[in-house]
Amino acid sequence: MEYQDAICTLNTLQTNASALEQVRRERSHPQLQLQAMRGFLERAGLTVQELDHLNIIHVTGTKGKGSTCAFTEQILRSYGFRTGFYSSPHLVQVRERIRINGQPIGKELFTKYFWQVYGRLDETKEAHGGTMPAYFRFLTILAFHVFLREKVDLAVIEVGIGGAYDCTNIIRRPWVCGISSLGIDHTQILGDTIEKIAWQKGGIFKTGVPAFTVKQPEDAMAVLKERAKERRCPLWVCPELENYQADCGPLHLGLAGQHQRSNASLALQLSHTWLQRRCLPDKSFPSTGVESAGVLPATSFKPSPIMVKGLADTEWPGRNQTLKHGAVTYFLDGAHTMRSMQACVHWFREIAAQHERNASGPVARVLLFNATGERDSAAMLKLLVPCHFDFAVFCPNITEAIASCNADQQNFNVSVENMLTRCLDNERSWRLHNNTGDNKGTQLLIEDSLHLVPEKKADTLVFPCILSALQWITQGKDSVLADPAKRVLAVKSSVMAKAAPLCDAAEIHVLITGSLHLVGGVLKHLDPASSK
């Protein structure tokens, strides 16, 4: 069976009626989720006891959990350990979610292990009411199977959503747990207050297992402290990154943005704790008296040269990422919450200003935006207004309008009509924030193109797919997108006429944000090797 066959079969778990019914039923009884997950794990031939051998680092949070995992994995791989890393979502190909030694598992390996797990579940479904696990649940089981078969020294496991009832939380004995910055997201599942969200995140705490958190809002920290006390879990708060005294002076991070500093501090504590247990197995952490002591400040230490190099070498695509293709520079960040968008704006304004100072002539600044799910697009867009874009462009997370075999990025849970309606709503919000009024629904026929003057209001357009949006924005200045093999639907002449400022600009700077799925679709086109 080929890789694409495996992906197409995997995608049926997005739409499988019994899987969707499972999700609906369990949403009102979340404790059933872990019970069901254990059942699926056993049907796949695994046990929760086996997971204890993976020496797991379990990480949750609202913002920065993926980056924290990436820093942690890179540090421990730099020590020579064979690492497994499970994360979500993927940007271009689903196998990015399951990594061995920092690399997505190969297509052959993915295909082999996929059919092993899928086959066992399929064979046993009749005896279990025809049930199959939903998409994310299946991938979590697959990741555990891969890491056990590939004999990793450790597995870094990123929580999907929340913590308490997330399917990764069938882990019984992680070596250490981490909580990155908390904020408001996934409110329908986790609750609509920071306290409710903190309660869910603190659900990954385990008795006697050391846990670390970055500094949190006071209300969230109080809940985490209570959860740690309930679970008899020692909880430490990470110090500021500048408190670590390295021989080389200030620590350099491979990931851009001020907000990565707290993620790096958390990663240092997680990797240091894991190494202590690995190298000093008899030295247990002082968990006595933790119930009364509350949350303790974690001590900073002198990072080893390997840790310093690990932080500097970390890569995590789609987060504060800059790609320069000739006259076009792309700034990619999958920010999709208010706090992460604030961080994105801070990073973009700083880095785009640097690039503009070095530009060879006038620069056109373009926003490419989409947001999915229940997220407050209008509030995120308001944060982006001060960036002074010449154009704001909106498109759904569809890589290209002409059908191609791109099963990795198919989402059957949202209709195309809903996606386009969301784009039109986003465009309307942007225009209202910019006081340009409503465009009465004719987003592709706006009059009066604008010149490159920041004080003017950004013109807006909606495109049916990512490729058509990118080709219009770049106006032939990016040779990767100008490839004749990349055909798109014809664009109206009135829309092409609007592009005069883009044609006249010496350079085009594009911020792509609002959705990791959007960023992934863009990377598929900008880096063709990523989908091979």
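Source: prediction; values computed, not measured. (Residues numbered from 1 in each chain as written. Predicted model: local features only at pLDDT ≥ 70, side-chain atom pairs only at ≥ 80, totals over all residues. Heavy atoms only, no water.)

### Thoughts on helix α10 (residues 218-231)
Spacing of three or four residues puts side chains on the same side of an α-helix, whose turn is 3.6 residues.
Moving on, step 1. Its 14 residues give α10 an end-to-end C-alpha distance of 20 Å, which sits within 8% of 20 Å, the value for a rise of 1.5 Å per residue.
Moving on, step 2. Close packing links the buried residues of α10 with β6 (176-179), α9 (194-201), β7 (211-213) and β8 (235-237).
Moving on, step 3. Positive backbone phi, approximately 50 degrees, marks Arg232, located one or two places after α10. (Helix = DSSP H or I, 4+ residues; strand = E, 2+ residues; numbered from the N terminus. Expected span 1.5 Å × (residues − 1). Contact = heavy atoms within 4.5 Å.)

### Details of the packing of aromatic side chains
Moving on, step 1. The final tally for this structure, using the stated rule, is 21 aromatic pairs.
Moving on, step 2. Ring geometry for Tyr165 versus Trp199: centroids 6.3 Å apart, planes at 45 degrees, classification tilted. Of this pair, Tyr165 sits in the loop between β5 (154-158) and β6 while Trp199 sits in helix α9, and the two are 34 residues apart along the sequence.
Moving on, step 3. On the basis of relative accessible area, Tyr165 is assigned to the partly exposed category, the value being 23%.
Moving on, step 4. Since its relative accessible area comes to 33%, Trp199 is described here as partly exposed. (Phe/Tyr/Trp six-rings, centres within 6.5 Å; stacked < 30°, edge-to-face > 60°. Buried < 20%, exposed > 50% of the residue type's maximum accessible area, 1.4 Å probe, protein only.)

### Re the pairing of β5
Moving on, step 1. Burial within β5 is extensive, with 5 of its 5 residues counted as buried.
Moving on, step 2. Residues Leu154, Val156 and Glu158 line one face of β5 and the alternating positions Ala155 and Ile157 line the opposite face, and both faces are buried.
Moving on, step 3. The sheet contact formed by strand β1 (residues 57-60) and β5 spans 3 bridges and is parallel. Among the inter-strand pairings, Val59 is bridged to a residue of β5, identified as Glu158. (Pairing = 2+ DSSP bridges.)

### Some details on the nonpolar core
Moving on, step 1. In terms of nonpolar packing, the biggest core is built from 43 residues, with Leu10, Leu54, Phe110, Phe138, Leu142, Phe144 and Phe147 touching the most fellow members.
Moving on, step 2. Elements with a contribution of two residues or more to this core: α1 (3-15), α3 (31-43), α4 (48-51), β3 (98-100), α6 (107-124), α7 (135-149) and β5.
Moving on, step 3. When near neighbours in sequence (up to four residues on either side) are disregarded, Phe147 contacts Leu54, Gly84, Phe85, Tyr86, Ile98, Arg99, Ile100, Val152, Ala155 and Ile157. (Core = buried A, V, L, I, M, F, W, Y, C linked by side-chain atoms within 4.5 Å.)

### A word on the packing of helix α15 (residues 377-384) against helix α16 (residues 416-433)
Moving on, step 1. Across the interface, α15 lies against α16 with an axial gap of 9 Å and an inter-helix angle of 45 degrees. Classified by the angle between their axes, α15 and α16 sit oblique to one another. In this structure, α15 meets α16 at a crossing whose hand is right-handed. For the pair α15 and α16, the contacting residues are Ser377, Ala378, Leu381, Lys382 and Leu384 in the first and Arg422, Asn426, Ser429, Trp430 and His433 in the second.
Moving on, step 2. Of the residues in the contact of α15 with α16, the class split is 4 nonpolar, 4 polar and 2 charged. (Axes fitted to C-alpha atoms, helices over the stretch in contact; angles between N-to-C directions. Parallel < 35°, antiparallel > 145°, perpendicular 65-115°, else oblique. Left-handed = near helix turned anticlockwise from the far one by under 90°. Nonpolar A, V, L, I, M, F, W, Y, C, P; charged D, E, K, R; others polar.)

### Quick notes on the confidence of the model for the protein chain
Moving on, step 1. Per-residue confidence for the protein chain averages 88 on the pLDDT scale, and 86% of its residues sit at or above 70.
Moving on, step 2. Long-range and interchain partners of residues 285-292, a stretch whose pLDDT sits below 50, account for 10 contacts in this model, where long-range means more than four residues apart. (pLDDT = per-residue confidence, 0-100.)

### Things to note about the pairing of strand β10 (residues 321-325)
Moving on, step 1. Note: β10 against strand β11 (residues 328-333), 5 bridges, orientation antiparallel. What sits directly across from Thr322, in β11, is Phe331.
Moving on, step 2. The hairpin turn running from β10 into β11, its antiparallel successor, is 2 residues long, and Gly326 in that turn takes a positive phi close to 65 degrees.

### Description of the environment of Pro528
Moving on, step 1. Mapped onto the elements of the fold, Pro528 is located in the segment after α20 (516-526).
Moving on, step 2. Owing to a relative accessible area of 34%, Pro528 belongs among the partly exposed residues under this scheme.
Moving on, step 3. Sequence separation of Pro528 and Val92 is 436 residues, and the distance between their C-alpha atoms is 9.9 Å.

### Quick look at the side chain of Gln74
Moving on, step 1. Examined against the element boundaries, Gln74 turns out to sit in helix α5 (residues 65-78).
Moving on, step 2. Residue classification places Gln74 among the buried positions, given a relative accessible area of 11%.
Moving on, step 3. When residues no more than four places from it in sequence are discounted, the contact partners of Gln74 are Gly310, Asp313 and Thr314.

### Considering the pattern of salt bridges
Two side chains bearing opposite charge may form a pair once their charged atoms approach each other closely.
Moving on, step 1. This structure, assessed with the given rule, holds 16 salt bridges.
Moving on, step 2. Arg173 is the partner of Asp52 in a salt bridge, and the nearest nitrogen-oxygen pair spans 3.5 Å. Of this pair, Asp52 sits in the loop between α4 and β1 while Arg173 sits in the loop between β5 and β6, and the two are 121 residues apart along the sequence.
Moving on, step 3. On the accessibility criterion, Asp52 (16% relative accessible area) is buried.
Moving on, step 4. A salt bridge links Glu73 to Arg77; the nearest nitrogen and oxygen atoms lie 2.7 Å apart. (Salt bridge = Lys/Arg side-chain N within 4 Å of Asp/Glu carboxyl O.)

### Side note on the layout of surface pockets
Moving on, step 1. By volume, the second largest pocket is sized at about 850 Å³.
Moving on, step 2. What lines the second largest pocket is a set of 34 residues, and nearest its centre among them are Arg99, Pro104, Glu315, Trp316 and Pro317.
Moving on, step 3. Secondary structure elements with two or more residues in the lining of the second largest pocket: α5, β4 (103-104) and β10. (1 Å grid on protein atoms, 1.4 Å probe; cavity = no way out; pocket = protein on both sides within 12 Å on 5 of 7 lines; lining within 4 Å. Points joined across faces, edges and corners; volume = space filled by probe spheres on them.)

### Brief notes about unusual backbone geometry
Moving on, step 1. Cis geometry marks the peptide bond from Ser88 to Pro89, where omega comes out at -10 degrees.
Moving on, step 2. Looking at the element boundaries, Pro89 is found in the loop between β2 (83-86) and β3.
Moving on, step 3. A positive phi angle is found at Asn55, which is not glycine, with a value near 50 degrees.
Moving on, step 4. You can see Asn55 is positioned in the loop between α4 and β1.
Moving on, step 5. The phi dihedral of Asn101 is positive, around 50 degrees, even though this residue is not glycine.
Moving on, step 6. Here Asn101 shows up in the loop between β3 and β4.

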